[in-house]
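Notes for the structure review
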Amino acid sequence: QATPTSWEPGTIDLSGLTWATPFDVAAIAAIWTRMADAGHPPQVAVPTDPTVRAYLVDMGLPEVVPGGWGSGGGSAVDPPWLPLTHVPSSDAWDDLQGELWPAASVALGDVTLTRRTLEILGELVDNAATHGTSPAGTFVCAQRYTGSTSGLSPGVWLGVADAGVGVPDHLRRNPKYETVVRDADLIVLARRQWVTGTTERRGWGLVEVFEAATASGPSQIVIRSRGGEGDFRLRPDRRAYVRKTDVAPVVPGTWIHVRVEGA
């Protein structure tokens, strides 16, 4: 549990954290920046587990979130080919993609997977910039993993987080969905074509993310926003398995985790 029990000014307590992924790294950065932008930068209690602290240092979290991180990382996992990065706009991401390609292609070892991975990240950043409208912008990070510490099949992990309006409240701007009470129901709806365009005939971004992740092989997409979470397990030529969960406290913005196996 990397997040506090409320979003009130104070402390983000990571002291008991025993596991973290790019999803958590991006989310922590978004939380801290949202609070700091409101004039109340929280204190951070760093993990007491030295391996988790080292991982967060290696991922670049101290570059965004100040605290008593100590010096050096040295975690046992592969270094990130995309350390925690602040992306203020979709245009900034367009400029960054060319720089990322060499590192991503070396880490992932496959041209097609590299292209799909950067397309997924691009769509998610564009969605955050277009729909999130957060002054904090978007945070992204990514790494290849071997599975030696997670026990999962080798692959690539992506984390994207913003502190904007959130998927459910964005969809409720459309009268068609304004009476849907459960946030998790709206998160699951958001993956359908045209839905996230609200009153306009738009909304292919998440559709393309799901298509690219599915085509890349067995994959998982988790979308957490406001009071809900959608967990999607994807395989080529199979119907997606979907699990909806209510979460607390309410998430400020949208956090997305993508895991693709086989890298």
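All residue numbers refer to position in the chain's written sequence, counted from 1. Confidence filtering applies because this is a predicted model: local features only for residues at pLDDT of at least 70, side-chain atom pairs given and counted only at 80 or more, and all residues used for totals across whole chains, interfaces and linings. To get the side-chain values, all heavy atoms of the structure are used, and hydrogens and water are removed first.

**A short note on the packing of aromatic side chains**
Pairs were defined over the aromatic rings of Phe, Tyr and Trp, the Trp ring being its six-membered one, requiring ring centres within 6.5 Å. Orientation was assigned from the angle between planes: stacked under 30 degrees, edge-to-face over 60, tilted for the rest. Applying the stated rule across the entire model yields 4 aromatic pairs. Note on tryptophan 19 and tryptophan 157: the rings are 6.2 Å apart at their centroids and 90 degrees apart in plane angle, and the pair reads as edge-to-face. You can see tryptophan 19 sitting in the loop between strand S1 (11-13) and helix H1 (22-37) and its partner tryptophan 157 sitting in strand S5 (residues 155-162), a full 138 residues away along the chain. Among the aromatic side chains, those forming a connected cluster through ring pairs are Trp19, Tyr145 and Trp157. Note on conventions: DSSP H or I runs of at least 4 residues are helices, E runs of at least 2 residues are strands, and numbering of each starts at the N terminus.

**Topic: unusual backbone geometry**
Cis rather than trans, the peptide bond between alanine 248 and proline 249 has omega equal to 0 degrees. Among the secondary structure elements, proline 249 is positioned in strand S7 (residues 241-261). The phi dihedral of arginine 226 falls on the positive side, at around 55 degrees, and the residue is not glycine. In this structure, aspartate 237 is a non-glycine residue whose phi angle is positive, near 65 degrees. By the secondary structure assignment, aspartate 237 is in the loop between strand S6 (219-234) and S7.

**Observations concerning the nonpolar core**
One finds Trp81, Trp93 and Ile221 to be the most contacted residues of the largest nonpolar core, which totals 39 residues. In this structure, Ala26, Val46, Val65 and Leu84 belong to the second largest nonpolar core, which totals 30 residues. In these notes, a set of buried Ala, Val, Leu, Ile, Met, Phe, Trp, Tyr and Cys residues joined through side-chain atoms within 4.5 Å is what counts as a nonpolar core. Accessibility here uses a 1.4 Å probe with only protein chains present; expressed as a share of the type maximum, an area under 20% marks a residue as buried, one over 50% as exposed, and anything in between as partly exposed.

**Quick notes on the sheet that holds S7**
Between any two strands, at least two bridges found by DSSP are needed for them to pair. The strand order across the open sheet built from 5 strands is S3-S4-S5-S7-S6, with neighbouring strands paired in antiparallel fashion. Strands with a single pairing partner mark the edges of an open sheet, and in this sheet they are strand S3 (82-87) and S6. The mean angle between the axes of side-by-side strands here comes to 15 degrees, regardless of whether they run parallel or antiparallel. When S5 meets S7, the two strands line up antiparallel, connected through 8 bridges. Bridging across to S7, glycine 159 finds its partner in histidine 257. In the packing of H1 onto the sheet, the strands contacted are S3, strand S4 (138-145), S5, S6 and S7, and the crossing angle to S5 comes to about 15 degrees. Contacts are assigned to residue pairs that have any heavy atoms within 4.5 Å of one another. All axes are obtained by fitting lines to C-alpha atoms, using only the stretch in contact for helices, and the reported angles, taken between N-to-C directions, cover 0 to 180 degrees. The strands touched by helix H3 (residues 90-108) within the sheet are S3, S4 and S5, with S3 carrying the most contacts at an inclination of about 170 degrees.

**So, H1**
Owing to its 3.6 residues per turn, the α-helix aligns residues three or four sequence positions apart on the same side. The length a helix should cover is 1.5 Å for every residue beyond the first. Its 16 residues place the ends of H1 22 Å apart at the C-alpha level, agreeing with the 22 Å of an ideal helix rising 1.5 Å per residue. By the criterion of burial, H1 is predominantly enclosed, with 13 of the 16 residues buried. One or two positions beyond H1, positive phi appears at glycine 39, with a value near 90 degrees.

**Here we look at the pairing of S6**
Where burial is concerned, most of S6 is hidden: 13 out of the 16 residues are buried. Relative to S7, S6 is paired through 14 bridges, and the arrangement is antiparallel. Bridge pairing links serine 225 to threonine 254 in S7.

**A look at the confidence of the model for the chain**
Each residue carries a pLDDT score, the predictor's confidence in it, ranging from 0 to 100. Across the chain, the average pLDDT comes to 86, with 90% of residues at or above 70. Averaged pLDDT values over the elements of the chain bottom out at 85 in helix H4 (residues 111-132) and peak at 96 in S6. Within the model, the stretch residues 1-5 combines pLDDT values under 50 with 13 contacts to residues more than four positions away or in other chains. Note that pLDDT drops below 50 for residues 196-204; the model gives that stretch 26 contacts with residues more than four away or on any other chain.

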